[in-house]
Amino acid sequence: MKKLNLFFTALLAAIPFFGYSQQKASLISVDVARQGVEIPEGLWGIFYEEINRAGDGGLFPEMIYNMGFEEKNIPATTTFEDGNIVAPAKPNYGNSQVRNFRFRFNADEPAEGWTLELNGASNAEMKVVTDNPLHKANPHSLEINLANNKGGVSLINKGFEGISLEKGEPYDFFFYLRADKSFKGKVTASLIGAAGNVITTNEFKVSKKGEWIKYSALITAPVTDNQAKLELSFTSAGKVWLDYVSLMPKNTFMNHGLRKDIAQTLASMKPKFIRWPGGCIVEGFTMENRVNWKETIGERISRPGQFDIWGYHNTYNFGYHEFLQYCEDIGAVGMFVCNAGLSCSVRNGDYYEMGEMGTIVQDALDAIEYALGDVSTKWGAERARNGHPKPFPLKYVEIGNENGGPLYGERYNLIYKALDEKYPQITYINTNGLEENLPDYYDADKIEMIDPHYYNNPEFFFSNTTLYDNVARGKWDVYIGEYACNSNVGTGTLYGALSEAAFMTGIERNSDLVKIASYAPLLENVNYRQWPTNLIRFKNDAVFGRSSYYVQKMFSDNRPDVNLATTLDWVAPEEKIAGQVGFDAMAFSPNSQVMFKDFTVSAGTGVLYKSDFPTDTANWTIESGDWQVIDNAYTLKPAEMRPPGQGGGQRRFRWGNPMILEEKQVEDCAVSVSVKRDSVFNGINIRFGVTDENNYYQLSIGGTRGRGGFGGPGGPGDRQNQPTTFTASVVRVSNGGMIRVGNIGQPFEFGLDKWHDVKLTVNGKQIGCSIDGVIIGEIEYKPLQKQYAIAGYDKAAKEVVIKVVNGESTPFATSFNLQNVSNVNPAGKITTLFSASGQDDNSFEEPTKVSPGEADYTGFKPAFDMTFEPYSFTILRIKAE
Ligand code: AHR
C-alpha cells in the first residue's frame, strides 16, 4: 500500500471551486457504548462468471485460443440459420409466448484463432472436421491437408491477443496429432517472439500413423515476450489432424492450476465466499445450454464446454472442482448456483415441466454430495478420484439465477425441499429480489435468503444507503448477489466506486439482514469486454483492480465485529446554481421537429440577452445534434434513419442535443423561450447552471413514449390519440449522472404545432416554471447527499473503525465526537482512496493511480476535526475502549 503524506489539514478546505463555497463542518458522532448489529465475518464475497473471457486466457491460464477447435460448435438443440443460432420454438416461462430466440453466430471461421502460413511453393488447406474425433466430448479437430510442402507450412496461434512468456518460467506444452500414412515428416513447435525471432523450438517425431498421439514438452522461456505466438510447422506433405493444443504456465497459484497474478488479486480481497458458475450462464439461453456441473469436472479433455450466452465457447476449464479448490485455498466458502428448471427469461426462457424436474433436482443433490459427501458416496468418491478426498467448504446453494414468477416458485419449492431435507447445513438462496410480501409471493413455501441485484447509476447508490434500514427482519436474510455502479458517466470511475462505497455503508449497518454481498461482474479480459463495467481488468500479462476493487478490498480489510451507533449531522455543501444557460431537446419521433426562438435571459432588473436567430448564432455552441435555423427558430430534427437491419428503418433516438449560450454566466435569473413541437415524443429542456457538459441543471417538459410503438395507437404516427397534458420536472446532472430533483406543480396543457412560452426562474435554490404566462409552481433544489460515515468496533484490535465517503468535488469538513469512550490513543491509522478527479480510474499504464494510501496519525482524541479529500473514501482506525 502507498504511504501517504498527511494531508488532513484545514488547508484543504480552502480550495476554491466554481459554484461552491466552503462547506461548514458536519458532525459525526460515534457512541462507542452503543453497539449495533454484529457484522458477519462472511459478509464480503466474490461473484465469478465466465463472461468477458474471465476463464480461459484469464483466471485459468490456458494460453492457446480455441485449443480444441470447438469455438464454433453450436449448442445442442439450436439450429443455424442466416448467421444466427436459433433456439427451439418453446414457450417462455415468463409469459408463455414463443420468442424464437436467435443469437448471432459467426460460423465462417470455425478455426477461429488459427491461421495457416504457406511458404514458397507450398500448398495446404485446413478445415474443422468431426470424423474420427479425439474425444467424444470434444468432437471437432483440425484437418490439415498438406498437398505440397515444398517451402514449409506452419499453423499459427496468437493466443489471447498474444502469448505471454516470462524469462526463466517453465510452461507445459502438449498437443494431439493423428497423421495418415502419407505424412512422413516431423512436427516442429516453436514459440515466435514479437519481432519474428524464434524463442524456443521443439521437434516431435510423428509415430503410430492413423492414431491420435499426445506429444508434449516442458518449455522454459529464455526471454520475456508478451506478444509471442505458437507456430506448428510440418516438414512433409500428407494429411494430419490436430486437436487439443495447450500451453500453460507450470507455476500456478498454490500449484492448483490458476493464473498466479489474477488468483492473487482476487485472494487479496480476502473474499469470504465465492459464487460459481454465475450469472446468466446458469440458466443458459435454452435449457440445454445451461451449465451442467458434471460436465465441468475430471480430465479437461472430457469436458465438452459450450458456446454460452456470452457469445463464445466456454471450455469449463475453470470447473466445479477448480472452483471448490480455489475456495479452500483462499479460505473462502463456496456458493454453488444450480439451474431451477428454467432457462433465461430474457433469452429463450424455455423450461422443464414439473414432471421433467428429476434430473435438475438430482444434479443439485449430486453437486452438494461432490463437495461434502465422504468418499463412500458416489460423488464424494469422484471428488477423491479427482485428487481431493477431503470434503470442500460448500456453504451456500442458490436455486436458479434471476428467476421469478409462479413457475419459479413451484420449481424452487421442489428443489429446496429435496436439498434441505438431505443437507440442512447449507443456506439456500431464492433468486427473488426485495419483495415485502415474500415468501407468500409466488407460493414459495420457505425462503431462507433472497438475492436482489442492483446495477444502476451513482445517484441510485448515493441515495439508497438506507434501503435496508426499515425492511422487516425475521422473514428471510438477504444476499445482494450482484451490484455495481455501471450506468451512465459514473461507470468505471472513482465517482461510481464512491457511490458503491456509500451503498456498502448501508449494507454494513444492516448486516443482521444483508448477510452476504458480492460485486459483479468480477473479471474482464480487456480484449474481450462484453459488460460495461467489471471489477478487475486484465490482459495476457497484467492485471489491475479498478477503483471499485479497492473499495471492496477496503471494506473487507476493515470489517469490524460490530456496528457502533453513528450519526452524521450533515451540512450540505454550499452549492450555488450558477453557470451558463441553454436549451436542449430529445428528438425521438420520425418526421418531426422541435423549434426554439426568442430565448431571453434576465437577471436583476434587466434583460441580459435576447436571441435573434439566425443573426446571432455565433453566440451559441452546438454540443450535439443537427440544429438548423428555420423560420427564425433553432430547429432540431431526429437523426437520420438507422442502417437497415439495426432498428427497422426507424429514426434514431437522439438524447440530449444541447445548445449553450456562450459567455453568459448567471445565478439568480429568469430564462424564457418560445417552443413548438409537433410530436409528444420529443422532450424539451432548458439547461441552467451549466458548468460543463457533465454538470448542469435542467427543466424538462418530457416526451411520452405513447402506448403503441411507432405505428400503433398512441404512437407517433397516431396524431389523434396523442396526449397533450404534461408535467414540468427538474433534474440535476452531476458528474454526468442524472439526479432527479422532482416535479413542479400540476400538469398543464402543452399542445402540438403551436408556440408555447416556457419560463424558468431561479432564485437561490427555488426553481420555478411558467407556461404561457401562467405560473405552474416552484420546487426547492435539495442536493443529493454524497457524504456518509459509519463506524464499528474491532474487538481483537480494540479499535474504533470509521469509514467516511466523500463523493463531492469539494473537501468534506467534519468534527468527530467519540462518546462513552475512554483511553483514546492519539496514534492511529488512516487509509484513504482518492484522486484528483472523480472521473479517474486505474489502467495498465497506471494500475494503482486510484488505490489506497496509508498514514500514521497522532491527533486522535475524543473530539477532533478532520477534513477529507474531494472524491475520497477513508478509513480511520482509532485505538479506544
Ligand atoms: O453480471 C452479469 C449478469 O448480470 C449476470 O450474468 C446476470 O445474473 C445479471 O443479469
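Just above, that's the structure.
Residues numbered from 1 in each chain as written. Predicted model: local features only at pLDDT ≥ 70, side-chain atom pairs only at ≥ 80, totals over all residues. Heavy atoms only, no water.

The biggest cluster of nonpolar side chains holds 106 residues, and the ones touching the most others in it are Tyr-320, Tyr-326, Ile-480, Tyr-483, Ile-507, Leu-523 and Phe-873. The dominant element in this core, judged by the number of residues it contributes, is helix H7 (residues 494–509), at nine residues. Ignoring sequence-local partners within four residues, the contact set of Leu-523 consists of Tyr-48, Ile-51, Asn-52, Ala-54, Leu-59, Ile-262, Leu-266, Asn-534, Ile-536 and Phe-538. Counting residues in each nonpolar core, the second largest holds 47 residues, with Ile-64, Ile-163, Phe-174 and Leu-230 among its members. (Core = buried A, V, L, I, M, F, W, Y, C linked by side-chain atoms within 4.5 Å. Buried < 20%, exposed > 50% of the residue type's maximum accessible area, 1.4 Å probe, protein only. Helix = DSSP H or I, 4+ residues; strand = E, 2+ residues; numbered from the N terminus. Contact = heavy atoms within 4.5 Å.)

Right, let's get into the pattern of salt bridges. A full pass over the atoms with the stated rule returns 37 salt bridges. Taking the shortest distance from any N to any O, the salt bridge between Arg-102 and Glu-81 comes out at 3.8 Å. Placement of Arg-102 in strand S7 (residues 102–104) and of Glu-81 in strand S5 (residues 79–81) is noted, with a sequence separation of 21 residues between them. Overall, Arg-102 belongs to the partly exposed group, its relative accessible area being 37%. For Glu-81, a relative accessible area of 37% corresponds to the partly exposed category. Three or more residues are tied together by salt bridges with common partners; here these are Asp-794, Glu-799, Arg-877 and Lys-879. (Salt bridge = Lys/Arg side-chain N within 4 Å of Asp/Glu carboxyl O.)

What follows deals with helix H5 (residues 406–422). An ideal rise of 1.5 Å per residue puts 24 Å on 17 residues; H5 measures up with 25 Å between its terminal C-alpha atoms. For H5, the complete set of buried residues consists of Tyr-408, Gly-409, Arg-411, Tyr-412, Asn-413, Ile-415, Tyr-416 and Leu-419. Where the residues of H5 are buried, they touch strand S22 (333–338), helix H3 (358–372), strand S23 (394–399) and strand S24 (427–430). (Expected span 1.5 Å × (residues − 1).)

Quick look at the site of the ligand now. With respect to spatial proximity, the complete set of residues near the ligand consists of Glu-49, Gly-279, Cys-280, Trp-310, Asn-401, Glu-402, Tyr-455, Glu-482, Pro-521 and Trp-531. Cys-280 is positioned with one of its backbone polar atoms (N or O) 2.8 Å from an oxygen atom of the ligand. Glu-482 places a side-chain nitrogen or oxygen 2.6 Å from an oxygen atom of the ligand. Taken by itself the ligand offers 280 Å² of open surface, and the protein chains cover 94% of this. (Near = heavy atom within 4 Å. Polar contact = N/O pair within 3.5 Å; in protein donor to acceptor, adjacent residues only side chain to side chain. Areas by Shrake-Rupley, 256 points an atom, 1.4 Å probe, with all protein chains shown as cover.)

Time to look at the environment of Cys-344. Tracing the chain through its elements places Cys-344 in the loop between S22 and H3. Using a relative accessible area of 4% as the deciding quantity, one classes Cys-344 as buried. Taking the C-alpha atoms as reference points, Cys-344 and Val-128, separated by 216 residues in sequence, lie 31 Å from one another. Leave out the neighbours within four places in its chain, and Cys-344 touches Glu-283, Gly-284 and Gly-349.

Of all six residues that make up S22, five are buried, and the element is covered over most of its length. Inspection of the sheet shows S22 paired to S23 by five bridges, in the parallel sense. Its bridge partner being in S23, Cys-338 is matched across the sheet by Ile-399. (Pairing = 2+ DSSP bridges.)

Turning to the sheet that holds strand S32 (residues 542–545), a few remarks are in order. Judged by pairing direction, the sheet is mixed, and its three strands sit side by side in the order S30-S31-S32 without closing on themselves. Only two strands of the sheet have a single neighbouring strand rather than two, namely strand S30 (523–525) and S32. Strand-to-strand, the axes of this sheet are offset by a mean angle of 20°, without reference to chain direction. Sheet analysis places strand S31 (residues 536–539) next to S32, joined by four bridges and oriented antiparallel. Residue Phe-538 lies in a different strand from S32, and its bridge partner there is Val-543. Taken strand by strand, helix H1 (residues 260–267) contacts S30, S31 and S32, and its axis lies near 15° from that of S32. (Axes fitted to C-alpha atoms, helices over the stretch in contact; angles between N-to-C directions.)

As a further point, take the packing of aromatic side chains. Scanning the entire structure with this criterion turns up 68 aromatic pairs. With centroids separated by 6.2 Å and ring planes inclined at 85°, the aromatic side chains of Phe-174 and Tyr-176 adopt a geometry described as edge-to-face. Accessibility classification places Phe-174 together with Tyr-176 in one group, the buried group. An aromatic cluster of three or more residues is present, and its members are Phe-583, Phe-596, Phe-599, Tyr-609, Phe-613, Trp-620, Trp-627 and Tyr-634. Directly above the ring of Trp-241 sits Arg-178, whose terminal nitrogen or CZ lies 4.0 Å from the centroid. (Phe/Tyr/Trp six-rings, centres within 6.5 Å; stacked < 30°, edge-to-face > 60°. Lys NZ or Arg CZ within 6 Å of the ring centre and 35° of its normal.)

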